[in-house]
Amino acid sequence: MKENTIQNNPEPLCQTESRKTTAPVYILGIESSCDDTSAAVLRDGILLSNVTASQAVHEAYGGVVPELASRAHQQNIVPVVDAALKQAGIEREQLSAIAFTRGPGLMGSLLVGVSFAKGLAASLGIPMIDVNHLHGHVLAHFIHAEGDDYESPEFPFLCLLVSGGNSQIILVKSYKEMEIIGQTIDDAAGEAIDKCSKVMGLGYPGGPIIDKLARQGNPEAYTFAKPNIAGYDYSFSGLKTSFLYNLRDWIKDDPDFIENHKCDLAASLEKTIVDILMKKLRLAAKDLKIRQVAVAGGVSANTGLRNAFHDYAKRYGWKVFIPRFSYTTDNAAMIAITGYYKFLDKDYCPMSAPAYSRVTEERL
Ligand code: KG4
């Protein structure tokens, strides 16, 4: 089922038809699904600004604390949007539409961005465009700033979306048509990395720390459990448990085991996760005879995973698409570009559209 759009909703939102045909299209994107408050501005699909305020407050807790995240979004949203408009060199009155992350994510965090977008759109009398955060990650491959030479994939392509909350293989048929052909049945890859890092007493988020340590370690030093499930689905809970139990045994014999072996542990953990991710992706690419393969989401910043993509490109003739670091983690540029393509189709959303925390069958 398609989400409500302005076409089938009586609420008057779009009063700017004449402005759109004569003036450039300026889209403001707003992202607040987790612990990053971000705003970006596009002119005719080209990125002018992308401003993000991250929340250090969660580091002390080893994970995102939802209540603290929504409070920080409240503090950050106005300055972040102001900064994005200022960097873009435009006034808010020039905006053509506001694209915002409607879900999935933490409800308290989403509500800040959604409510702000609604208030601003209503005050300016311009359309609102709801964006699925996961679509945003995939379409990060279509973000272009003036003069950049990043080559976007052609449809159809496969996208491995790996973040703290998702591990999915998506068949991307167009800007709007995406099919999840495989996904984790339990933990996400990023979640597994973060939890293993926590068990080792490293900081949060664990991904960048594990990545750094792994560069100095031996990836073959230890082996951890790999899942054996059918199709293109993933599972990371067994690996997490295997990591934990092995570590407990090793610490019994040597209380300083983690400190003495943290680089090898990180490298072996990273290798196991990358192997699991790439095996299913290769299977899907082979079965569907697709050679354009992209990666997206926070974990796509990982050096081992990026190297594996380049390696598979050589081995299997893939054309691979790896996003710039600034577009791997949550950012509003990806929301703005997704909103831009919906704007071209006049695919607006009504004021009554609520935030949603989870993706259901009909969403994505
Ligand atoms: O997409 P994202 O920023 O947030 C959501 O989950 O929505 O992804 C965050 C995840 C965290 O689990 C973090 O540890 C992981 O991405 N991550 C990494 C790296 N940078 C971030 N994982 C491995 N290596 C990295 N360099």
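In this text, all values refer to a predicted model and were calculated from it rather than measured experimentally.

Draft legend 1. Structural detail: the packing of helix α5 (residues 189–199) against helix α7 (residues 237–253). Direction vectors running N to C along α5 and α7 enclose 10°, while the axes themselves pass 10 Å from each other. Here α7 runs roughly parallel to α5, going by the angle between their axes. The crossing of α5 and α7 is right-handed. Across the interface between the two elements, Lys195, Cys196 and Val199 from α5 touch Lys240, Phe243, Leu244 and Leu247 from α7. Of the residues belonging to the contact of α5 with α7, the class tally is five nonpolar, no polar and two charged.

Draft legend 2. Representation of the site of the ligand in the model. Residues in close proximity to the ligand total 19 residues, the closest being Gly164, Asp194, Gly207, Asp211 and Gly298. The separation between an oxygen atom of the ligand and a polar main-chain atom of Gly165 is 3.5 Å. Asn302 places a side-chain nitrogen or oxygen 3.1 Å from a nitrogen atom of the ligand. In the complex, 88% of the free accessible area of the ligand, which totals 560 Å², lies under the protein chains. Put simply, the parts of the chain that give the shell around the ligand at least two residues each are α4 (133–139), α5 and α6 (206–214). Residue composition of the shell around the ligand, grouped by class: five nonpolar, eleven polar and three charged. Per-domain counts for the shell around the ligand show at least three residues from each of domain 1 (4–149 + 328–344) and domain 2 (157–323).

Draft legend 3. Looking closely at the sheet that holds strand β6 (residues 144–145). Strands sit in the order β5-β4-β1-β2-β3-β6 across an open sheet of six strands; the sheet is mixed. Edge positions in the sheet fall to β5 (128–132) and β6, since each has one partner strand and no second. Pairing of strand β1 (residues 26–31) with strand β2 (residues 36–43) involves six bridges; the strand directions are antiparallel. Note on β2: the bridge partner recorded for Gly29 is Ala40. In the packing of helix α2 (residues 66–88) onto the sheet, the strands contacted are β1, β2 and β3 (46–54), and the crossing angle to β2 comes to about 25°. Across the face of the sheet, helix α3 (residues 107–124) comes into contact with β1, β4 (97–103) and β5 while running at roughly 155° to β4.

Draft legend 4. Spotlight on the pattern of salt bridges. Scanning all chains against the criterion turns up 18 salt bridges. When the shortest N-O distance is used, the salt bridge between Arg102 and Asp130 registers 2.8 Å. Taken as a pair, Arg102 in strand β4 and Asp130 in strand β5 lie far apart in primary sequence, 28 residues in all. Lys173 is paired through a salt bridge with Glu179; the nearest N and O atoms lie 2.9 Å apart. Using a relative accessible area of 36% as the deciding quantity, one classes Lys173 as partly exposed. A residue is classified by how much of its surface remains accessible, and Glu179, at 36% relative accessible area, is partly exposed. Beyond isolated ion pairs, a larger network of salt bridges with shared partners links Arg102, Asp130 and Lys342.

Reading the values: the criteria
Residues numbered from 1 in each chain as written. Predicted model: local features only at pLDDT ≥ 70, side-chain atom pairs only at ≥ 80, totals over all residues. Heavy atoms only, no water. Axes fitted to C-alpha atoms, helices over the stretch in contact; angles between N-to-C directions. Helix = DSSP H or I, 4+ residues; strand = E, 2+ residues; numbered from the N terminus. Parallel < 35°, antiparallel > 145°, perpendicular 65-115°, else oblique. Left-handed = near helix turned anticlockwise from the far one by under 90°. Contact = heavy atoms within 4.5 Å. Nonpolar A, V, L, I, M, F, W, Y, C, P; charged D, E, K, R; others polar. Near = heavy atom within 4 Å. Polar contact = N/O pair within 3.5 Å; in protein donor to acceptor, adjacent residues only side chain to side chain. Areas by Shrake-Rupley, 256 points an atom, 1.4 Å probe, with all protein chains shown as cover. Domains from an automatic or database assignment. Pairing = 2+ DSSP bridges. Salt bridge = Lys/Arg side-chain N within 4 Å of Asp/Glu carboxyl O. Buried < 20%, exposed > 50% of the residue type's maximum accessible area, 1.4 Å probe, protein only.

What is shown is where atoms sit, not what they do.
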